[in-house]
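Summary of structural features
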Amino acid sequence: MPRKLPPLTTLPSFEAAARLLSFSKAAEELHVTHGAISRAIKNLEDQLGVQLFERGTRSVSLTALGEPYARAVREALAQLATATAAATARYSSSTLNVSTSDGFAGRWLVPRLYRFHRAHGDVDVRVSTSGKLTNFLGDGIDVAVRYGNGNYPGLTSEFLTGEEVFPVCSPKLLEGAHPLRTPQDLKHHTLIRDSFPIDWATWLASAGVEGVDPQSGITFDSATFAMESAAQGEGVVLGRTMLVAADLAAGRLVRPFGYALKSPSSFYFVYPPEAIRQRKVKAFRDWLLSEVTPQMD
């Protein structure tokens, strides 16, 4: 059954006049004319079929019915204001909450964030790497960088870049008793694993390598730790294009051989459709796209 509601646009005028016991003061507070207040209250009284004010020559007072109604309206408007503030807090805030994976955050995003802060010093970026799939509204997350197929129902998904998967290691492993020259040489070295879906068994099979145990070596839950272990010369890890780009450029990691496996997944910038209307979201989105050089179609 439909709710019977008063004309909602009249309620602020009524509440102000009832609180101040003055149409003139209510008009001043709401930045409207005395006549506008008077008409709004008359409209409200007509719709309700009751008189809310006793009007004197130079003053007004609430009637016996108007007084409790004014209290109820004041409480309802206060609750509405509180709910509105809570609902819009994360959209009006200068804080941008970003959800992404540990590997993307540690190996690619965080080392570049200073450039975003330099251009947008009023936006405070907070990065969450909880590992769970964000539902945005319930988690208070504004945007996310996801690794997948880009199909996220109800969300806007913008392609960032594809990925290739290939072994990387410290330059130290190119020397010594068993230098890495071909994939077959991996049998002499420690394999480092993380939680990435493309594992050593998949890569070795794709490269046609036999005689290397894909389950041997050490495992990390974190891609960041796995990459760092490889950079320290502890073994060989499967690197991904975006996550190892900086270390390859700096010479901390090298590709001992050229074969790479194209990943079926890619990186996407994901957000609720309405979020792009926020300046902070658009600024971060534009910056992110400017930082990413697509590696493949």
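The structure this text deals with has already been given above.
About the thresholds
Residues numbered from 1 in each chain as written. Predicted model: local features only at pLDDT ≥ 70, side-chain atom pairs only at ≥ 80, totals over all residues. Heavy atoms only, no water. Core = buried A, V, L, I, M, F, W, Y, C linked by side-chain atoms within 4.5 Å. Buried < 20%, exposed > 50% of the residue type's maximum accessible area, 1.4 Å probe, protein only. Helix = DSSP H or I, 4+ residues; strand = E, 2+ residues; numbered from the N terminus. Contact = heavy atoms within 4.5 Å.

Time to look at the nonpolar core. Among the nonpolar cores identified, the biggest contains 25 residues, and Phe 104, Phe 116, Val 143, Phe 269, Phe 284 and Leu 288 are the most heavily contacted of them. Of all the secondary-structure elements, those providing two or more residues to this core are β3 (95–99), α5 (102–109), α6 (113–119), β5 (143–148), α9 (241–250), β10 (261–271) and α10 (279–291). Looking at this core element by element, the count peaks at five residues for α10. With sequence-adjacent residues up to four places away left out, Phe 104 is seen in contact with Leu 109, Val 145, Met 242, Leu 243 and Phe 267.

Mapped onto the secondary structure, Leu 30 falls in helix α2 (residues 23–30). Sequence separation between Leu 30 and Ala 16 is 14 residues, and the spatial gap between their C-alpha atoms is 8.1 Å.

Mapped onto the elements of the fold, Glu 164 is located in strand β6 (residues 156–168). Glu 164 gets classed as partly exposed once you look at its relative accessible area, which sits at 30%. When the C-alpha positions of Glu 164 and Ala 119 are compared, they lie 31 Å apart, and in sequence the two are 45 residues distant.

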